[in-house]
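Structural characterization, general
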Amino acid sequence: MKYQQFYEKGYQIFENILKPEEILNYKQIAFNILKKQENEFGIDKLKLINEKDMIRSPFLYNEKFKDLFYNQFAMKVVEDILGEYAILSLQNGIVVSPNQNHHQSFFHRDIIHQEFISSTPLAINLYYCLDDYNEKNGGTTFIPHSHKKEKLNLSDKCETPEVKAGSVILFDSMVFHKAGTNNTDRFRCGINNMYTLPFIKQQINYTICLKKKTNDSKFNRLMGFESREFLNVKDFRNYRLKRIQK
């Protein structure tokens, strides 16, 4: 695949990745998980911490969402750009309710609070659009080329691409972007998967959540089992010993 627009502008769109029936299925499951997480933590507390309409790590609630970050298309993109040792930093579902702002409606980087640039990408996002994305329903707005600048400049030109449901937006995690305002009477939903080089910490420690490795070594590495922090010196050395003894 070619990534010229990604490297130049900071984002690129791949169309027709999901079929219509897949889109409907993911949306239904996503909203079920959203309700479950609201019941688990409490909607009032979620509002208090700006977590309303955010679905954290849906694949931990339904294995179907594993297919959105671990598939032939996704792994091809990740390995082409970040190499074979990249890990999954996060998977989040973002819902923008009708006639509302989302709490991410401000320009930010997904490697947050960092004012530096890198000669090569440190992290990328594969964002699956489960609805059409456009300016009217609060589609994602980008500041092109901002991954090449240390600091945010609000005077720089921004753009909100029109993206069809089922498409994936690939973007550099250091490009400034934001959710828009949904000025329609319909929900707007997407699933964001962020991959990083292994020295960047995961948002959630998936090795603890999953508890044990699977029989798929590539998946284990993506989850962070091969780049975890060690509990002590003995733990570190036993890990290295097991690698040699395989």
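Refer to the structure above for everything that follows.
So, here's what we can say about the structure. (Residues numbered from 1 in each chain as written. Predicted model: local features only at pLDDT ≥ 70, side-chain atom pairs only at ≥ 80, totals over all residues. Heavy atoms only, no water.)

Following the criterion strictly, the structure yields 1 cavity of 30 Å³ or more and no others. In this structure, the largest cavity encloses a volume near 60 Å³. Lining the largest cavity, in full, are Met-75, Val-78, Glu-79, Gly-83, Glu-84, Ala-86, Lys-218, Arg-221 and Leu-222. Of all the secondary structure elements, the ones that give two or more residues to the lining of the largest cavity are α4 (72-82) and α6 (217-223). Split into classes, the residues belonging to the lining of the largest cavity amount to 4 nonpolar, 1 polar and 4 charged. (1 Å grid on protein atoms, 1.4 Å probe; cavity = no way out; pocket = protein on both sides within 12 Å on 5 of 7 lines; lining within 4 Å. Points joined across faces, edges and corners; volume = space filled by probe spheres on them. Helix = DSSP H or I, 4+ residues; strand = E, 2+ residues; numbered from the N terminus. Nonpolar A, V, L, I, M, F, W, Y, C, P; charged D, E, K, R; others polar.)

Before going further, it helps to examine the side chain of Asn-137. Looking at the secondary structure, you find Asn-137 in the loop between β5 (123-129) and β6 (141-142). A distance of 2.6 Å separates the side chain of Asn-137 from the backbone oxygen of Asp-132, its partner in a polar contact. In contact with Asn-137, other than residues within four places in its own chain, are Asp-132, Thr-181, Asn-182, Asn-183, Thr-184 and Arg-188. (Polar contact = N/O pair within 3.5 Å; in protein donor to acceptor, adjacent residues only side chain to side chain. Contact = heavy atoms within 4.5 Å.)

With antiparallel pairing, 6 strands are arranged side by side in an open sheet as β1-β7-β5-β10-β3-β2. The sheet terminates laterally at β1 (11-14) and β2 (54-56), the two strands that pair on one side only. The sheet shows a mean angle of 20° between the axes of neighbouring strands, direction not considered. On the sheet, α4 packs against β1, β5, β7 (168-172) and β10 (188-196) and is oriented at approximately 155° with respect to β5. (Pairing = 2+ DSSP bridges. Axes fitted to C-alpha atoms, helices over the stretch in contact; angles between N-to-C directions.)

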